Structure formats: structure tokens, C-alpha cells
Amino acid sequence: MSWLEVDGVDVFYGRIQALHQLSFVVEEGEIVSLLGNNGAGKSTTLNLVSRIVPASAGRVVWQGDDMARTAAHDLVARGLVQVPEGRRIFSTMTVEENLMLGGYRVRDKKAISQRVDQVYDLMPRLRERRSQEGGTLSGGEQQMLAIGRALIAAPKLLLLDEPSMGLAPLMVKQVMDIIRTVNQRGTTILVVEQNAKAALRIADRAYVLDNGAVTLSGPASQLAGDPRVVEAYLGG
Amino acid sequence: MTQIILNGLFVGSFYALIALGYSMVYGIIKLLNFAHGDIFMFGAYIGMTCLTVIPGIGSLGIGAIAIVLLISALLTGATGVLIETLAYRPLRSAPRLSVLITAVGMSFLLEYGVRQIWGPDPQPWPQAGRLTEAANWPAGLQWGAQRIDILGGSLTGAQLVLMALAVVLMAVLALYIGKTREGRAMRAIALDKRAATLMGINVNATISRVFFIGSALAGVAGVMHGAYYSSITFLMGFLLGLKAFTAAVIGGIGNLYGAMLGGLTLGLLEAFGTAWFGGEWKDVFAFVFLIAFLTLRPTGILGERVVERM
Amino acid sequence: MVASVGGYCSGSTLPTLPIFDSAKIPQLISVANSDNLIKDNTGNVWLLDGTGEQQASTAMKWVEKNSFKNLAVIDDKTDYSANLATRFTAKAKEAGLTVTTDSLTPKESDFSAQVTKVKSAGADFVYFTGYVQEAGLLVKQLVEGGYTGSILLGDGSVDAKVAEIAGLANCKNVYATYTKTPDMLDDGGAFAEKYKAISGGTEPGPYTIHSYDTVKTWADAATRAGSVDQAAVNEALKSTNLAGLTGQIQFTDDGSRAGEGGFVIVSNQDDGTFKLYDALS
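Residues numbered from 1 in each chain as written. Chains lettered and ligands numbered in written order. Predicted model: local features only at pLDDT ≥ 70, side-chain atom pairs only at ≥ 80, totals over all residues. Heavy atoms only, no water.

### Considerations on the overall build of chain A
Quick note on the threshold: Numbering of helices and strands starts at the N terminus; helices are DSSP runs of H or I of at least 4 residues and strands are runs of E of at least 2. To sort residues, take the accessible area from a 1.4 Å probe on protein chains only and compare it with the maximum for the residue type: under 20% means buried, over 50% means exposed, and anything in between is partly exposed. Only the protein chains shown count as cover for residues, and the accessible areas themselves come from Shrake-Rupley with a 1.4 Å probe.
When its secondary structure is counted, chain A shows 10 helices and 10 strands. Projected onto its principal axes, the C-alpha coordinates of chain A cover approximately 45 × 45 × 35 Å. A burial count over chain A gives 56% of its 236 residues as buried. Roughly 9,900 Å² of accessible area belongs to chain A as shown, and the carbon and sulfur atoms make up 46% of that amount.

### Thoughts on the overall build of chain B
As a reminder, the rule being used: We call two residues in contact when some of their heavy atoms are within 4.5 Å. In this tally Asp and Glu are treated as negative and Lys and Arg as positive; neither His nor the chain ends contributes. For this purpose, a charge sits on NZ of Lys, CZ of Arg, CG of Asp or CD of Glu.
Each helix and strand counted, chain B has 11 helices and 4 strands in total. Split into buried and exposed, the 310 residues of chain B put 57% on the buried side. Long-range pairs, those at least 24 residues apart, make up 75% of the contacts in chain B with a sequence separation of at least 6. Summed over its atoms, the accessible surface of chain B is roughly 12,200 Å², and 71% of this surface lies on carbon and sulfur atoms. Each charge class in chain B was averaged separately, 19 positive and 13 negative side chains, and the resulting centres sit 12 Å apart.

### Here's the deal with the arrangement of the chains
Across the 2 pairs of chains in contact, the largest number of contacts is found between chains A and B. The two units chain A and chain C are non-contacting; their minimal C-alpha-C-alpha distance is 39 Å.

### What about the sheet that holds strand β12 (residues 275–278) of chain C?
All names here are of chain C. What counts here: We treat two strands as partners when DSSP finds at least two bridges between them. Note on geometry: axes are lines fitted to C-alpha atoms, helical ones only across the stretch in contact, with angles between N-to-C directions running from 0 to 180 degrees.
Taken in spatial order, the 7 strands of this open sheet run β5-β4-β6-β7-β8-β11-β12, and their pairing is mixed. One side of each edge strand has no neighbouring strand; the edge strands of this open sheet are β5 (98–103) and β12. When the angles between neighbouring strand axes are averaged without regard to direction, this sheet yields 30°. Relative to strand β11 (residues 263–267), strand β8 (residues 174–179) runs antiparallel, the two being bridged by 5 bridges.

### Details of the sheet that holds strand β2 (residues 27–29) of chain C
The 3 strands lie next to each other as β1-β2-β3 (chain C), forming an open sheet whose pairing is parallel. What marks the edges here is a single partner per strand, and that holds for β1 (4–5) and β3 (45–47) of chain C.

### Observations concerning the pairing of β5 of chain C
All names here are of chain C. The line we're drawing: Orient the strands so they point away from the viewer; a crossover is then right-handed if the path from the first strand over the helix to the second runs clockwise.
Where strand β4 (residues 70–75) lies against β5, 6 bridges are found, and the strand directions are parallel. Residue pairing in the sheet places N70 in a bridge with T98 of β5. Note that the unit made of β4, helix α4 (residues 79–94) and β5 has a crossover that is right-handed.

### A look at the interface of chain A and chain B
Applied cut-off: Computed with a 1.4 Å rolling probe, the buried area is the accessible surface lost when two parts are put together, summed over both parts. Whenever Lys or Arg places a side-chain nitrogen within 4 Å of a carboxyl oxygen from Asp or Glu, that contact is recorded as a salt bridge. Any N or O atom pair separated by 3.5 Å or less is treated as a polar contact, with the protein-specific requirement of one donor-capable and one acceptor-capable atom, and with residues adjacent in sequence counted only for side-chain atom pairs.
Each partner contributes residues to the interface: chain A has 28 residues there, and chain B has 22 residues. Interface area, chain A with chain B, both sides summed: about 2,500 Å², of which 58% is carbon and sulfur. Three residues stand out in chain A for area buried against chain B, namely H73, F90 and Y104 of chain A, and they jointly supply 27% of the buried area on that side. The tally of links between chain A and chain B comes to 2 salt bridges. Residue R88 of chain A is joined to D192 of chain B by a salt bridge in which the shortest nitrogen-to-oxygen separation is 2.8 Å. Seen at the junction of chain A and chain B, the total is 6 residue pairs in polar contact (both at pLDDT 80 or more).

### Some points on the pairing of strand β6 (residues 125–128) of chain C
Residues in a regular strand point their side chains to alternate faces of the sheet. All names here are of chain C. With burial as the criterion, each face of β6 is covered, one bearing F125 and Y127 and the other bearing V126 and F128. Bridge count between β4 and β6: 4 bridges; the pairing is parallel. Residue A72 lies in a different strand from β6, and its bridge partner there is V126. Here β6 runs beside strand β7 (residues 150–153); their pairing, made up of 4 bridges, is parallel. Its bridge partner being in β7, F128 is matched across the sheet by L153.

### A few points about empty space enclosed by the protein
Which parts of space are left empty comes out when a probe the size of a water molecule is rolled across the atoms. The line we're drawing: Here a cavity denotes grid points, spaced 1 Å and computed from the protein atoms alone, that fit a 1.4 Å probe unable to get out, and a pocket denotes an open set having protein on both sides within 12 Å along at least 5 of 7 lines; residues with an atom within 4 Å of a point are the lining. Grid points are joined across faces, edges and corners, and a volume is the space filled by probe spheres set on the points. Note that Gly is not counted as nonpolar here; it falls among the polar residues with everything else outside the nonpolar set of Ala, Val, Leu, Ile, Met, Phe, Trp, Tyr, Cys and Pro and the charged set of Asp, Glu, Lys and Arg.
Within this structure, the stated rule accounts for 5 cavities of 30 Å³ or more. Considered as a void within the structure, the largest cavity measures approximately 170 Å³ in volume. As for the largest cavity, its lining consists of 17 residues, and the residues nearest its centre are N7 and R147 of chain B together with S112, Q141 and G145 of chain C. Listed by contribution, the elements that provide at least two residues to the lining of the largest cavity are α1 (2–29), β3 (153–156) and α8 (203–229) of chain B together with α5 (112–121) and α6 (132–144) of chain C. For the lining of the largest cavity, the leading source of residues is α5 of chain C, giving 4 residues. Size it by volume and the second largest cavity reaches roughly 130 Å³. If you trace the second largest cavity, you find 17 residues lining it, with T274 and K282 of chain B together with D110, S112 and A113 of chain C closest to the centre. Elements with a minimum of two residues in the lining of the second largest cavity: α1 and α10 (256–277) of chain B together with α5 of chain C. Broken down by class, the residue content of the lining of the second largest cavity amounts to 5 nonpolar, 8 polar and 4 charged.

### Quick word on the interface of chain B and chain C
In this complex, chain B contributes 27 residues to the contact, which on the side of chain C involves 24 residues. For the chain B and chain C pair, buried surface summed over both sides reaches about 2,000 Å², with 48% attributable to carbon and sulfur atoms. At the boundary of chain B with chain C, the tally comes to 3 salt bridges. For K77 of chain C, the salt bridge is made with E280 of chain B, and the minimal N-O distance between the two is 3.5 Å. Applying the counting criterion to the chain B and chain C interface returns 16 residue pairs in polar contact (both at pLDDT 80 or more). Listing elements by their share of the side of chain B that touches chain C, those giving two or more residues are α1, β3, α8, α9 (236–251) and α11 (282–296) of chain B. Here the element with the most residues in the side of chain B that touches chain C is α1 of chain B; it accounts for 4 residues.

### Observations regarding helix α6 (residues 181–191) of chain B
When we look at burial in α6 of chain B, the residues that qualify are E182, G183, R184, A185, M186, A188 and I189 of chain B. Against the buried residues of α6 of chain B lie α3 (95–102) of chain A together with α1, α5 (157–179), α7 (193–198) and α8 of chain B.

### A look at the nonpolar core
What counts here: The definition of a nonpolar core used throughout is a set of buried Ala, Val, Leu, Ile, Met, Phe, Trp, Tyr and Cys residues joined through side-chain atoms within 4.5 Å.
By size, the foremost hydrophobic cluster in this structure holds 134 residues, and its most contacted members are L20, Y88, L173 and I201 of chain B together with V118, L142 and L153 of chain C. Top contributing element to this core by residue count: α1 of chain B, with 16 residues. Residues in contact with Y88 of chain B, not counting those within four places in the same chain, are L31, N33, A35, I83, V99, T102, A103, M106 and F211 of chain B. Core analysis: the next-biggest nonpolar cluster, separate from the first, contains 51 residues, A146, I179, A220 and L223 of chain A among them.

### A few points about the pattern of salt bridges
Opposite charge on two side chains lets them pair, provided their charged atoms get close. Under the criterion given, the structure shown has 31 salt bridges over all chains. Where salt bridges share partners, they join K243, E270, K282 and D283 of chain B together with E108 of chain C into one cluster.

### Some remarks on the packing of aromatic side chains
To keep things clear, this is the line we draw: Ring pairs are drawn from Phe, Tyr and Trp, using the six-membered ring of Trp, whenever the two centres fall within 6.5 Å, and their geometry is named by plane angle: stacked under 30 degrees, edge-to-face over 60, tilted for the rest. Remark: a charge is flagged as sitting over a ring if the NZ atom of Lys or the CZ atom of Arg is within 6 Å of the ring centre and within 35 degrees of the ring normal.
Applying the stated criterion to the full structure yields 24 aromatic pairs over all chains. Note on F88 of chain C and F125 of chain C: the rings are 6.1 Å apart at their centroids and 40° apart in plane angle, and the pair reads as tilted. With F88 of chain C in helix α4 and F125 of chain C in strand β6, this pair connects stretches of sequence that are 37 residues apart. As far as burial versus exposure is concerned, F88 of chain C and F125 of chain C are alike and both buried. Every member of this aromatic cluster is reached through a ring pair, and the members are F10, F14, Y228 and Y229 of chain B. Geometry around Y104 of chain A places R181 of chain B over its ring, the cationic atom sitting 3.9 Å from the centre. The ring of Y228 of chain B has K140 of chain C lying over it, and the distance from NZ or CZ to the ring centre is 5.3 Å.

### Quick notes on the packing of helix α2 (residues 36–53) of chain B against helix α3 (residues 62–88) of chain B
All names here are of chain B. Quick note on the threshold: Each angle gets one of four labels, with under 35 degrees taken as roughly parallel, over 145 as roughly antiparallel, 65 to 115 as roughly perpendicular, and the rest as oblique. If you view the pair so one helix is near and one far, a crossing is left-handed when the near helix is turned anticlockwise from the far one by less than a right angle, and right-handed when it is turned clockwise.
Contact geometry for α2 and α3: axes closest at 9 Å, N-to-C directions at 135°. The angle between α2 and α3 falls in the class oblique. For the pair α2 and α3, the crossing hand works out as right-handed. Along the contact surface, α2 presents I39, F42, G43, I46, G47, C50 and L51, while α3 presents A64, V68, I71, S72, L75, T76, T79, G80 and I83. Along the lines of polarity and charge, the residues of the contact of α2 with α3 split into 10 nonpolar, 6 polar and no charged.

### Here we look at the confidence of the model for chain B
Residue and element names in this part refer to chain B. Note the threshold: For every residue, the predictor assigns a confidence score, pLDDT, that lies between 0 and 100.
On average, residues of chain B score 89 in pLDDT, and 98% of them are at 70 or above. Put simply, strand β2 (residues 147–150) is where chain B has its lowest mean pLDDT, 84, and α8 is where it has its highest, 95. Confidence drops under pLDDT 50 across residues 305–310; counting only partners more than four residues distant or on other chains, this segment forms 12 contacts. This prediction of the complex comes with two scores: 0.85 for pTM and 0.91 for ipTM.

This is the structure:
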């Protein structure tokens, strides 16, 4: 049994089937990437794992637990945190308040403030802007804030939905470096990306999604050299 | 002139307390809870019943009012939660209009339910619970039932006490929303429900909490109203609810400070309006402002600020 | 339908007039007393209660008797109330007295604006012509607001509830213009006893004798006409001269009650219920 196992999952939005018998695994400590174009089902997959959308068939099992009985808002307490697509930071709240919200399920106040400091150490730009409203930050800073917010909960499994979206190449590199650092410190990462190049640079393994099902999979280095991947996703 | 301002601030305190509930609920689930004014009325009736039914409460003077305030707050809070759970929650993903109509339906339910139980006639507030009754104030605090001169105008001690209570409640609420974990969670839900869930916030439970607080405040206002004006009727929530809604819009709906500001502003506007145009124009004046704000500045004085960057 | 007997509130009675008028049904109105009710009378409307005009006269007599100089008149904009207020104000102005007028909205609770207006005008007399609920609230807020003058209420506010709402302690200077009540009858309670026997124990209400007189008036006219035919009864009503509980019943040409309307001054200072204070005539 793998650490996180998604097994034969179907997801429907009304009559439209977004995921078709989707199956993949994530082992503890890895960085796994899900690649694919728009509409491939990448966000749906993350929302499935986060229990925001239900599966009509198949199971999601994490650390041996079938997730079907857990409510979405209880996942954070168990160590499963998502950094959603589009950042979704709380725009009229300050950077600091956003981070504090990441610690909503953390009981120990001291732990929260320690982790906030750690996040500021990892991403100093956020410390500079700690009293600024989240909505006034640049795209890249908002992405860092979104990740930082997730880190306050000390996640064991961190899901990231298209962290590079809308960012300039230099910013993308910074964000990816941060993700790698987070992984090195002990968090398992499942990252969904359209930017295959950036994702494959940090991932251990990757899956390619098309039409809600896996079409290719393998170690990142292998996929990076695969001509089908190169043609479709790496800009030829 | 001072008297007009004092009158306006006093009435405005009631508007503010009720407007808070309107604003909080709108802020978090974008629903205009038209039953909210009737929660205020229900709180008054609960208060009156407590004062008549609880044995020995008459001898406590204003202490009785304090106890009754607490009981009414808890019961109206619970009523608000019940209404949300049974009537609004099942319609969370329904078109906005459906929920609005349901709210109107709840309003009728409360109004005519109360009418059925207590009758259509106005009920005098029990003597033992009246704030302007000298006999209810203990020896050292007799100023409560007397007029106090302030800068050219005057108010009864009771009025000052009520206004102080309103200020305290609003301050506590502001602290709660601004500084506590749960308050932050409420603000988060108002901004982005999905992101709030991803933080681990139990959105349903938090929404219930919002309804509890908003309704409890309305219940307190209801008891205060009965204790001061000495007469309650089953339709008293209708007009006051509309005024509170107006106040919330004027101040900026969804905004806590807006509700407080809007309430006081509306009270002052009405006081000046009636002084200039005559008593019968009070409501016309108030609703002209509602229309003016909805047309010219729908986000209200403090506005709904939304800063987004993609 | 041979006749209509009833009508308490002028505002709701007025719209029924055209309906009864179209069939020339005799409409005997027991209590409602706005002068607007007989404004367009074509010969089938009969007011048993004193009109606003007559009530206003009585109020004026009271003002003169007490030498009030600075008057405030507050109405609630409903037909009965506005009618009474307008007529009283006209008489007061004719007499050269200072009059401040204002209105309040029924169903509201806060009348601090009206109280402030009364106080800044320096009034020593307030006449409120509205109904019970607002009367109670207004009296309370006037007195608690520091008003020390005299308060007169119209007959629409005569009810023990006023003192209940305002608080008996605040009613020391409260009076009202009112037509006779069962307890003011000289028959030593005989009517009240007979009424209770039939009603199963309920005391006669403030307007019971008006209703009684109204039905008796119709019965008297029908007897004299020898039939219940509408036109015949209307004709017979013109010449009514009947001794009723509310006094001698006669009608003027326009359908209103002849005479002073039988208004007196009552007060609730004693125990909250309104009792005869000064018969004035």
C-alpha cells in the first residue's frame, strides 16, 4: 500500500465526467507532479484529495485511511493542506493575518508564532510586507504568501495547484526553489502544473493527465526526455 | 440642537445593534435576512415573558432586566441558529431569490406566531422591568430614572445606560471579529469560502456562530426597547428591521463598522429630518436616504473594499 | 340588508359610505365621528357619536377654563385624528392663542422629536388626538422628557391601557375629551347589571351605550315608519326625538347628532381608568 493512493476514481460535475478511473500514487517524502493541459482534470484531482469534490467511484487512501469519511475542513488537522489555484489569499487581510489563518487548526499558540517566523525566514519579502493587505502584493508575493500560509499548519502532505501560473520566469524559479526546500525539510509534495518544464525540474516522479486519466508516467528525468512529452508540453 | 443630536444618537444605538446582525449575515453568506427585525421583536417578547413568569424576579429591580437580557440573548441566538439550519442552509446553492423569499417567509412565521401566542394587542412591559421606573433603581443609582442635563439637552439616566451598553457590546464585537481566531475565520469566510475551508475552518459551524451572535444582539436590543419604551407589539420588528437594513446599507453592508456608523447616522438623519420637516416625515426621510445611497453609493459610507490582483 | 349599525374608526368607516349610499341603506354609525363622514351625506348617514367639531369645542372650553396660553396639538395623520386636530387648532387660533402643531406616525415608538418640539415651543398644554398605543407612549415620553404642562387626549385614546403603558405616576396631568360611559349613567348601575346578565359576565365597554343607543334609534325609526323599508326608515330618522343613554337623541339636517355631542372631561389620574372629572356644562 502506498502512502497516498488514488485508485480508479471517477468524478462527475453534473453530467460531465472530469476524471475517468484515475489512479496514481505518492510515496512519503517524494515530490510528485501531475502535468497536463487545461481541462485535463488536474485541479479536480487536487480537490478530490482535499475532499472538496466527491468521487462517484474508486477510493482515495492516505496513510492507510480511506478518506471518504473525513470532512474537508478536518484535513488540515490531519496534516493535509492545499495551496489552491489562483492563490486565494484573503485580500483585505494583512500578510500576518493570512498566515495566522493558516494556523487555524493549530492549538499551540507558540507553535504558530514560531512557524510564522520560520516562514518569514524562508521568504523574507513577506516579513517586509507583514502589515500590508494581501491584495496589494504582487502575483509572486501572493504565491509565496499562499505557500507560507499552508506551512503554518506543518503539513505532512502539501498539495499545490499551478503555483507558477501568471508568474514571470524568475519568480517561477524562486517559487519552485521554495517548494524544493519545503520538501527537503520533510513535507511530501503533490504539485499540479501546466508548466511542465518547471515542474519536472523539481519533481521525483510525474504523471501526465489527459481527459481525466493518466496517459504517461515515470521518473521526472525520463519524462523530460520523452518525445511525446517534449512535443506536447515542453514547447517542442 | 443638542437635544436633537442626543435623540438621534439614542435611537441610532438601537438601529446600530440590529444593523450589526444584518451586516454580519450579509457579509458571510450574502443573504439579506429579512426575518432579523422579527428576531428583535421576538427577543422583546421573550424578555416580557421572563419578567412575568419567573417567580420573584420583580424584586430585583434593574438586576432583573440584566438577567432577562441574558436569557433573551441566549434564546434569540438559538432561534437564529435554528432558522439558519432549517430554512437557509438547505438553500445555500439555490438562486439568491429563493433564499430571500424564504427569509420573508420566516419573517411572517415569527410575526404571526407571536401574534397567535400573545395576541395582536400591544403589550405593556411589566412594571418591574421598566428602566424609567424609579422604584427599580437601587438607592445609590437613582439617577437612572432621572433626567440628566448634557450640554443644553437632556436624557434620562436609563437612556445613557442603554447607549453605554450598546457601545460596550459593539466594542466587544469589534474586538472579537478583529482579534480572535474565530473572528478571523468569519472574515475569511466572507472573503473566500473555499479558501476558508482549505484552512480547516468549519464553514457551517462558523456561519451558525454568526447567526447566533447577530440574533443575540437583536434580542438584547429587543429587551432594551421594551424596558425603555414600555410597550411591545408583534409588528414592531417590521419597521425597525427595515430601518436597520437601511442603516446597514448607509454604513456599508457587510462591514461591521459600517453597521455601527450607519445606525448612528440614520438616527441622526431622522432626528434632524423630523425637526425640520415635521414628525410625520420620519420614515419618508429615512427611506429617501436608503434609495439615495442605493442609487448613488450602494457600497455605503465605508464601502465594500475589494482589492484583487491576479 | 335593511340597515347598517356600527362603525368605530372613522378611517375604516369612510370607505364603506359609498357602498351603503348606493343602496340608500340607512347607516347608523355608533362611534366613528369624523365630520368627513357626513360631508357628502345624501340622507342615509346618521352619526350617533358627537363629531370632531363638537369634541373640539369641548376641548376649547377646557382650555379657556384653565387659561392655557401656549398650545401644542399633535395628531397621527389618520382621518379621525387629523379632523379633530384641525378643528381644534382653528378654534384656538381664532381665540388668539399660540398653537404649535406636529404629527406622529402610528406604530412607531420613539416620539422624542415631538417631545423636543413641544418643549422648545414652551407649551403648557398638549392635545393629542390619536389612539391608545401612541397616547401611552407619548405621555410617557413627554413627562419623562421633562414636560410639566397639561395633557389632553382625544376620545380615541380613552382606555386603561394608556396608564399601563405610560405608568400611572406619569398621568398626574392627563385628561381626555370623552362622551358619557356606562359608569356615568345616573341609573345606579342598572344598565350594567342587565348587560352583564346577557353578556355572560362581561362588563359593558366604553362604547357599549353608544351601540345600544344606535340600535334603539333604528328600532324607534322603524316603528314610527311602520316598516323596515330603507327609504321609509331614513325619512323617519330625520324626526327622531328619543331619550337615549347617551342623552337626548336628535339629528341635525346634515345627519350629525344635535346638541353638544355630550362630551365631558375625564381623567385617569386616580387609578389608570378614565373617570368623569369635569362635566363642563
